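Take a look at the letters that make up each chain.
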Amino acid sequence: MPVIVKTPLRISLFGGGTDYREYFDRKGGAVLGGTINKHIYMVHLPMSPVAQTRYRLTYSKVETIDHIDDIQHPVIREVLKDENYDIPFNLAIISDVPGGSGLGSSSSFTVGFLKLVRYLKGEMITKFDLARAAIRIESEVLQERVGVQDQFHASYGGFSLYEFNKDAVAISPIQISTTFRDSLNASLILVHTKRYRSASHILEEQIKSTREGHIDNNLEDMKSLCYEARQVLQNDPSDEALVEIGRMLSENWRIKRSLSSAISNAHLDEIFDTGMQLGAYGGKLAGAGNGGFFIFLAPQDAIRKMQATFGEERVIKAEFQDEGSHLIKAF
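Described below are features of the structure shown in this document. (Residues numbered from 1 in each chain as written. Predicted model: local features only at pLDDT ≥ 70, side-chain atom pairs only at ≥ 80, totals over all residues. Heavy atoms only, no water.)

1. Topic: the overall build of the chain
The helix and strand inventory of the chain stands at 11 helices and 12 strands. The C-alpha atoms of the chain give a radius of gyration of 20 Å, which matches the 20 Å a tight globule of 331 residues would have. With respect to the principal axes defined by its C-alpha atoms, the chain has extents near 60 × 45 × 40 Å. For the chain, the residues scored as buried account for 53% of the 331 residues in total. Within the chain, counting contacts between residues at least 6 apart in sequence, those at least 24 apart form 75% of the total. For the chain, the computed accessible surface area is about 14400 Å², with 47% contributed by carbon and sulfur atoms. Computed over 37 positive and 42 negative side-chain charges, the inter-centroid distance for the chain is 2 Å. (Helix = DSSP H or I, 4+ residues; strand = E, 2+ residues; numbered from the N terminus. Rg over C-alpha atoms; globule rule 2.2 N^0.38 Å. Buried < 20%, exposed > 50% of the residue type's maximum accessible area, 1.4 Å probe, protein only. Contact = heavy atoms within 4.5 Å. Areas by Shrake-Rupley, 256 points an atom, 1.4 Å probe, with all protein chains shown as cover. Lys, Arg positive; Asp, Glu negative; His and termini not counted. Charge placed at Lys NZ, Arg CZ, Asp CG, Glu CD.)

Quick look at the structure:
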């Protein structure tokens, strides 16, 4: 019978870049952000005993194979091997937005698939262990250049401050009223840049600079914005707070652009400048850089202007929500 796992994507508002081990092992990192109402869905069915192959995988391509080692999708292949799970199945993956958009989809995929496999094995994994297992698969097994915030966002859900040290993680939900959360959600939009990118490729220069300590001051400034933003969000639930958070987003983007020459370009600078000229409170590029979505906070008249300027198909409404990866249907 079918099993469906629903895993959220995330918006990282402040501190991205301090969640890489090359930094937080030395200095301690912090990020502030939350999961949104955009998801990856994984639909699992047992393979028919009369099927011609043991596995059928449907995502951006279709794979029909008999052996796990022949699976092309690296996360699916390595998780199955790591978990010693070899029961035939039919799996379809559907996402609300395409990958490579800066919303943490790669880690959401890993978290969701790990949760699915553990459920199929009859194991109920904690959110903390789910995040840690996803980090290990991505960083140690697949040897990808990844931070650690996305896996925790996808596992826990919600709007939180995450603090990372060499041997510990602290999670502090942001305490805001329903009224202010609704105002924040109403002002939040995503503008697609019409560029897709691979985070691992973009991060090469930034990680090297981080490891060598060349951008420690920049990362420290971005980390400080997390604590300043938490203070504003929790203590000043007003329209002025939205304006201030917007200003801080733009400041975070200004600092982030200095971390690597691969993060921005003329095309992205034009989108940001246009959004600000149209009346946004502030904004930043989501994810590693070089493409994906811009995040803007803006009043309603500015949102309408951006829809007219960029095209309604590129301006997507998003809202912060509280659920992490979870099973939504099992019979």
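There is more to say after this.
2. Section: a nonpolar patch on the surface
A contiguous nonpolar patch, built from Y119, M124 and L327 and spanning about 310 Å² of accessible area, is present on the exposed surface. Structurally, Y119 can be placed in helix α3 (residues 105–120). In this structure Y119 comes out as partly exposed when scored by relative accessible area, which is 32%. (Patch = residues over 30% accessible without salt bridge, like charges linked within 9 Å, V, L, I, M, F, W, Y side chains within 5 Å. Salt bridge = Lys/Arg side-chain N within 4 Å of Asp/Glu carboxyl O.)

3. Examining helix α11 (residues 300–310)
Among all positions of α11, only A302, I303, M306 and F310 are buried. All buried residues of α11 project into a common sector of 100° when viewed along the axis, lining one side. Opposite its buried face, α11 presents the exposed residues R304 and A308, each directed more than 90 degrees away. Residues of α11 that are buried sit in contact with α6 (178–187), β8 (188–192), α10 (266–277), β10 (293–297) and β11 (315–317). Once α11 ends, the next one or two residues include G311, with phi positive near 100°. (Arc of directions from axis to C-beta.)

4. Some thoughts on the pattern of salt bridges
Applying the stated criterion across every chain yields a total of 19 salt bridges. Here K81 and E78 are joined by a salt bridge, their closest N and O atoms 3.8 Å apart. Taken together, the residues K81 and E78, both in helix α2 (residues 74–82) and 3 residues apart, mark about one turn of the helix. For E78, a relative accessible area of 14% gives the class buried. In this structure, the salt-bridge partner of E251 is R254, at a minimum N-O distance of 2.7 Å. With E251 and R254 both in helix α9 (residues 239–257), this residue pair falls 3 residues apart, about one helical turn. Assessed through its relative accessible area of 24%, E251 is described here as partly exposed. Here the salt bridges do not stand alone but share partners, grouping D69, R77, E78 and K81 into one network.

5. Side note on the packing of helix α4 (residues 127–141) against helix α5 (residues 149–156)
Two elements in contact, α4 and α5, have axes whose closest approach is 8 Å; the angle formed by their N-to-C orientations is 145°. In this structure, α4 crosses over α5, and the sense of that crossing is right-handed. Contact residues: K127, F128, L130, A131, A134, I135 and E138 in α4; Q151, F152, S155 and Y156 in α5. Residues belonging to the contact of α4 with α5 are distributed by class as follows: 7 nonpolar, 2 polar and 2 charged. (Axes fitted to C-alpha atoms, helices over the stretch in contact; angles between N-to-C directions. Left-handed = near helix turned anticlockwise from the far one by under 90°. Nonpolar A, V, L, I, M, F, W, Y, C, P; charged D, E, K, R; others polar.)

6. With respect to the sheet that holds β10
Pairing is antiparallel in the open sheet, where 4 strands are placed in the order β9-β10-β8-β11. Of all strands in the sheet, those bounded by a partner on one side alone are β9 (282–285) and β11. Strand-to-strand twist of the sheet, defined as the mean angle between neighbouring strand axes without regard to direction, takes the value 25°. Two strands pair when backbone bridges link them, and β8 and β11 are joined in this way by 3 bridges, in the antiparallel orientation. Bridging from a neighbouring strand, L190 pairs with I316 of β11. (Pairing = 2+ DSSP bridges.)

By themselves, these are just geometric observations and shouldn't be taken as functional.
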